[in-house]
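Secondary and tertiary structure notes
For reference, the chains in residue letters:
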Amino acid sequence: MGAAIDAAREDVAYACRRLAEERLVHGSAGNVSVRAGDRVAITPTGSVLGEVGPRDVVVVDLDGNLLEGDRAPSSELELNLGVYRRYGAGAVVHCHAPVATALSTVLDELPAVHYEVMLLGGPVRVAPYATFGSAELAANVLEALEGRSAALMASHGAIAHGDDARQALERTILLEWLCDVYWRAAAAGEPRVLSHEQLAAAGAAFARQRSIVDMSG
Ligand SMILES: [Zn+2]
């Protein structure tokens, strides 16, 4: 178990570095966590994400009790733990990516203008605003994540979860890309929104693709 939680700390640091490289974080805004069994490695509060190393990462149990580390866990600890408890995820990435955050101030749902949104489970919802770090915010975001692996948080930012840090990171990058595509499309004209049937067909095509990949090992 020691090795698993150490690997989780490394994964948190890796994801933080990648977020900074992709210009999806600024300063200490955002947090990353990775679960190893019933323990969670999470960025400490107030840390500059791009500079987080494995030794800076703190470890808590699923009730939020601090097990390792001498700093307080991220202020969005309850939100991260809620995603593990409700959705059984392996990793969570929350950031204030610029385009996602901009759109979170004007939309109630990101219009499905590109089929890749099905890689996030369907049209991405915007969770209603509540104070950062609050139980109310955690509840709003958990609701918005129903059947989805990502959500926008009104006037705040973005969140994605996955089986591991790489998948949560990929989904975060995809969400920012989808937001950017919608932004550019809406600036150029009236974007066509895909119908429920078109989205369902894309979802089925992705599922077939995954089963082929699984069978080929
Ligand atoms: Zn935040």
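Before reading on, note that the structure itself is shown above.
So, a few notes on the structure that sits alongside this text.

Below, the discussion takes up the coordination of the zinc ion. Surrounding the zinc ion are the protein donor atoms H94 (NE2), H96 (NE2) and H156 (NE2), at 2.1 Å. Between consecutive donor residues of the zinc ion, the sequence gaps follow H-x1-H-x59-H. Highlighted residues: H96 in the loop between β5 (91-95) and α3 (98-104) and H156 in the loop between β7 (150-153) and β8 (157-162), separated in sequence by 60 residues. A residue is classified by how much of its surface remains accessible, and H96, at 21% relative accessible area, is partly exposed.

Right, let's get into the side chain of R148. One can find R148 in the loop between α4 (135-144) and β7. At 5.4 Å, E109 is the nearest oppositely charged side chain to R148, a buried residue that forms no salt bridge. One polar contact links the side chain of R148 to the main-chain carbonyl oxygen of G121, over a distance of 3.2 Å. Sequence-distant contacts of R148, defined by excluding residues within four places in its chain, comprise L120, G121, G122, P123, R125 and H161.

In this section: the environment of R35. On the secondary structure map, R35 appears in strand β1 (residues 31-36). By relative accessible area, R35 is classed as partly exposed at 28%. C-alpha of R35 to C-alpha of A102: the two residues are 67 residues apart in sequence and 29 Å apart in space. Other than its neighbours up to four places away in sequence, R35 contacts V40, L62, Y84, G88, A89 and G90. Here A89 takes part through its backbone oxygen, which lies 2.8 Å from a polar atom of the side chain of R35.

Rules used in this analysis
For every chain, the first residue of the written sequence is number 1, and numbering continues from 1 along that sequence. pLDDT decides what is reported in this predicted model: residues at 70 or higher carry local features, side-chain atom pairs at 80 or more are listed and counted, and totals for whole chains, interfaces and linings draw on all residues regardless. Remark: hydrogens and water are excluded; side-chain values derive from all non-hydrogen atoms of the structure. Counted as donors are N, O and S atoms no farther than 2.8 Å from the metal, or 3.2 Å for Na, K and Ca; water is not among the atoms, and sites may therefore look incomplete. Helix numbering and strand numbering both begin at the N terminus, where a helix is a DSSP run of H or I of at least 4 residues and a strand a DSSP run of E of at least 2. When a residue's accessible area, from a 1.4 Å probe over protein chains only, is under 20% of the maximum for its type it is buried; when over 50% it is exposed; and in between it is partly exposed. We score Asp and Glu as negative and Lys and Arg as positive, and we do not count His or the chain ends. Only one rule defines a salt bridge in this text: a Lys or Arg side-chain nitrogen within 4 Å of an Asp or Glu carboxyl oxygen. Distance and chemistry together define a polar contact, namely a pair of N or O atoms within 3.5 Å, with one atom able to donate a hydrogen and the other to accept it when in protein, and with adjacent residues in sequence counting only for side-chain atoms on both sides. Every residue pair with non-hydrogen atoms within 4.5 Å of one another is taken to be in contact.

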